[in-house]
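Structural characterization, general
Listed below, chain by chain, are the residues.
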Amino acid sequence: MAEFENKLRKFAENLFSIGAIKFGDYTIKLGVKTPIYIDLRVIVSYPKLIDSLADLLVEYIKKLPKFDIICGVPYAALPLAGAISVKLNIPMVMRRKEAKGYGLKKMIEGVFNQGDRCLILEDVVTSGSSILETVRDLNNVGIKCTETVVLVDREQGGIANLKEQGITMHPLLNMTHLLNYLRDANEIDDALVEKVTNYMKNTQVTLTEIKKQCLIDRLRMPYSERIDYCKNKVSAKLFKIMLEKKSNLCIAADVTAVSELLDLADQVGPHICLLKTHIDILEDFTPDVIQTLKDIAEKHNFLLFEDRKFADIGKTVQLQYNKGVYRISSWAEIVTAHSVTGNGLLDAIKGSDNDTKGVFLLAETSSAGSLINGAYTQSTIKMALQYNELVTGIVCQNPLFTEHPGLIQLTPGVQLQAGKDNLGQQYNSVEVVMQEKGADIAVVGRGITLSTDPAKSAENYKKLLWNAYLKRIE
Ligand code: 6AU
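Residues numbered from 1 in each chain as written. Predicted model: local features only at pLDDT ≥ 70, side-chain atom pairs only at ≥ 80, totals over all residues. Heavy atoms only, no water.

1. So, the site of the ligand
As a reminder, the rule being used: Whether a residue is near a molecule or strand depends on its heavy atoms: it is near if one of them lies within 4 Å of it. Under the rule applied, a polar contact is a pair of N or O atoms within 3.5 Å (in protein, one hydrogen donor and one hydrogen acceptor; residues adjacent in sequence only if both atoms are side-chain atoms). The protein chains shown are the only cover counted for residues, whose accessible areas, like all others here, come from Shrake-Rupley with a 1.4 Å probe. Amino acid classes used here: Ala, Val, Leu, Ile, Met, Phe, Trp, Tyr, Cys and Pro are nonpolar; Asp, Glu, Lys and Arg are charged; the rest, including Gly, are polar.
Surveying the vicinity of the ligand reveals 16 residues, the closest of which are Asp 254, Lys 276, Ser 366, Tyr 427 and Arg 446. Within the contact set of the ligand, an oxygen atom lies 2.9 Å away from a side-chain nitrogen or oxygen of His 278. Burial of the ligand by the protein chains amounts to 90% of its free accessible area of 510 Å². Looking at the shell around the ligand residue by residue, the classes come out as six nonpolar, five polar and five charged.

What follows is the structure in structure tokens.
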């Protein structure tokens, strides 16, 4: 025991001597001011220290519950996690830091199995927020986490915050020990110890604060809470309609006769939040159709959404959006657009009155053999964030942008059962789309339009989709 403590003392002194512990006026993550700053990233320059520290950790870890994989919280803990992984011959996974916000699947690198138990290694803990972010991403790919080993616990609420989320923290050192060891080694004096101790007592960080700032996950957030995050006015309006009608169903009204369209809109109206049109497939379109459609939309409280999929240069899109027989901008509160031609296209739609306009950008498609790749998808999301006052959300098939609750995920390719048509369309079930694929609104076309009773079918989809959403946020 005493021998282990001596090693800890030595470790504290080593950290101080390599400049990993600094006293002064610093600001740490979450904007908290601090008189002591601990930055272990510098240890990469001291391989012998990594080696001896890894030995110490291996000894410490032996008393903990068994685990299958180890994960270091980037960046400081990565070299240590690597060293421990080698010493124990236990595989490591890495959580990507830079890929934040661009899809859950790509967040974790390495080979793992569903249900693997993971030990998380972290350098310094203040509130526990970084560990909780790591746990969230590991949990999202099916990895279990209950234990974390921490080199230094700053004793500012981390242990309690983590415990509340089911994680037990095992700190090698806490701040009290660290200060005492440094004082015993004559590196710091009593006054400094007292100053830092008082600071720690008076600067506790609670889980509520952490949740507000860094544990945002739109997939688990109720629609009602997401309204405040909407930068686009139409998204906020849409969320309100969804909540009022308890509907996250968008109908794809892909019919070719005006009478069919108007009849369908009136029948399914009570059950939908959005009516999506391909206005150019109507064979008997006349401009007066639009007013009737608008009246039905008002009667049943849904938004009109033209799935135009703009994809040209800005100038042409401007004409397509505002001119021609359809005059889309005069009635469609939302339109779809590809990101392929870049910003000019969104600038063209933006115009002057942004308050009533929204765009769903296509980041992925439901069709087999799509040429869209990961880089395109990520750039599209970047573009959406850049134009967040105009962009209502993203059309995609996977749970992307989980850290941006103001954006809405619209997912087509939905039927009661998984399947496909003979032209490459691919369908997932309601449950899969809502609970695994991250949809906020599901687009259902032929699943409703080809049924014998579209109103009844729409009501059924509405209930199933809403229940799946409730289950997701439970
Ligand atoms: O349910 P369906 O297959 O009858 O209809 C799906 C609808 C169609 C497509 O044009 C549209 O959803 N769609 C989209 C959208 C909404 O942009 C993108 C996509 O990837 N797949 C897809 O089917 O009106």
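And the narrative resumes.
2. With respect to the domain arrangement of the chain
Spelled out, the test is: Domain boundaries shown here were taken from an automatic or database domain assignment.
You can read the domains of the chain as domain 1 (2-213) and domain 2 (218-473). Placing a centre on the C-alpha atoms of domain 1 and another on those of domain 2 gives a separation of 43 Å.

3. Description of the sheet that holds strand 6 (residues 117-125)
Through backbone hydrogen bonds, the strands of a sheet pair up, either in parallel or in antiparallel fashion. For clarity, the threshold we go by: Two strands are said to pair when DSSP picks up at least two bridges between them. Per the convention used, a helix needs a DSSP run of H or I reaching at least four residues, while a strand needs a run of E reaching at least two, with both numbered from the N terminus. Should any heavy atoms of two residues lie within 4.5 Å, those residues are considered in contact. Between N-to-C directions, angles span 0 to 180 degrees; the directions come from axes that are lines fitted to C-alpha atoms, helices contributing only their stretch in contact.
Strand order in this open sheet of six strands is 5-4-3-6-7-8, and the pairing throughout is mixed. At either margin of the open sheet sits one strand with a lone partner, and together these are strand 5 (108-109) and strand 8 (168-174). Of the strands in this sheet, strand 7 (144-153) and strand 8 are in contact with helix 1 (residues 2-17), which crosses strand 8 at around 70 degrees.

4. Some points on helix 6 (residues 175-184)
Here is the rule: Remark: exposure states derive from per-residue accessible area (1.4 Å probe, protein chains only) relative to the maximum for the residue type, with buried under 20%, exposed over 50%, and partly exposed in between. Picture the helix axis, draw a direction to every C-beta atom, and the arc is the one those directions span.
When we look at burial in helix 6, the residues that qualify are Met 175, Leu 178, Leu 179, Tyr 181 and Leu 182. The buried residues of helix 6 occupy an angular sector of 165 degrees when the element is viewed end-on, so they sit on one face. In this structure, the buried side of helix 6 is in contact with helix 1, strand 1 (21-28), strand 2 (32-38), strand 7, strand 8 and helix 7 (190-202). The opening residue of helix 6 is Asn 174, an N-cap whose side-chain oxygen sits 3.2 Å from the backbone nitrogen of Thr 176. A positive backbone phi angle near 60 degrees is found at Asn 186, which sits one or two residues after helix 6.

5. Some details on the pairing of strand 12 (residues 334-338)
Operational definition: With the strands pointing away from the viewer, any crossover whose connection runs clockwise from the first strand over the helix to the second is right-handed.
For strand 12, the tally of buried residues reaches four of five residues, placing the bulk of the element in the interior. In this fold, the crossover linking strand 11 (residues 303-310) to strand 12 by way of helix 13 (residues 314-322) has right-handed handedness.

6. Looking at the nonpolar core
Worth spelling out the cut-off: Put simply, buried Ala, Val, Leu, Ile, Met, Phe, Trp, Tyr and Cys residues joined by side-chain atoms within 4.5 Å make one nonpolar core.
Counting 85 residues, the largest nonpolar core has Leu 238, Leu 274 and Ile 349 as the members making the most contacts within it. Ignoring sequence-local partners within four residues, the contact set of Ile 349 consists of Phe 310, Val 317, Tyr 321, Val 335, Ala 337, Lys 357, Val 359 and Leu 390. By size, the runner-up hydrophobic cluster in this structure holds 52 residues, among which are Phe 11, Leu 15, Ile 36 and Val 205.

7. Brief notes about the packing of helix 1 against helix 2 (residues 47-61)
Working note: a packed helix pair is described by the angle between its axes plus the distance between those axes. Just so we agree on the cut-off: Rotating anticlockwise by less than a right angle from the far helix to the near helix defines a left-handed crossing, while the corresponding clockwise rotation defines a right-handed one.
At a closest axis distance of 11 Å, the pairing of helix 1 and helix 2 adopts a crossing angle of 145 degrees. For the pair helix 1 and helix 2, the sense of crossing is left-handed. Contacts between helix 1 and helix 2 involve Phe 4, Lys 7, Leu 8, Phe 11 and Asn 14 on the former and, on the latter, Leu 49, Leu 53, Leu 56, Glu 59 and Tyr 60. Class assignment of the residues belonging to the contact of helix 1 with helix 2 gives a composition of seven nonpolar, one polar and two charged.

8. Describing the pattern of salt bridges
The criterion, for reference: Salt bridge, as used here: a side-chain nitrogen of Lys or Arg that lies within 4 Å of a carboxyl oxygen of Asp or Glu.
In the structure shown here, the tally under the stated rule is 22 salt bridges. Close ionic contact of Arg 95 with Asp 137 constitutes a salt bridge, the shortest N to O distance being 2.7 Å. Taken as a pair, Arg 95 in strand 4 (residues 92-95) and Asp 137 in helix 4 (residues 129-140) lie far apart in primary sequence, 42 residues in all. For Arg 95, a relative accessible area of 6% corresponds to the buried category. Residues Glu 403 and Arg 136 are paired through a salt bridge, measuring 3.1 Å at the closest nitrogen-oxygen approach. A residue pair is termed long-range when its members are at least 10 positions apart, and Glu 403 in the loop between strand 14 (391-395) and strand 15 (408-411) and Arg 136 in helix 4 qualify at 267 residues. A residue is classified by how much of its surface remains accessible, and Glu 403, at 19% relative accessible area, is buried. Note on Arg 136: relative accessible area 12%, which makes it buried. In this structure, a network of salt bridges that share partners links the residues Arg 95, Arg 136, Asp 137 and Glu 403.

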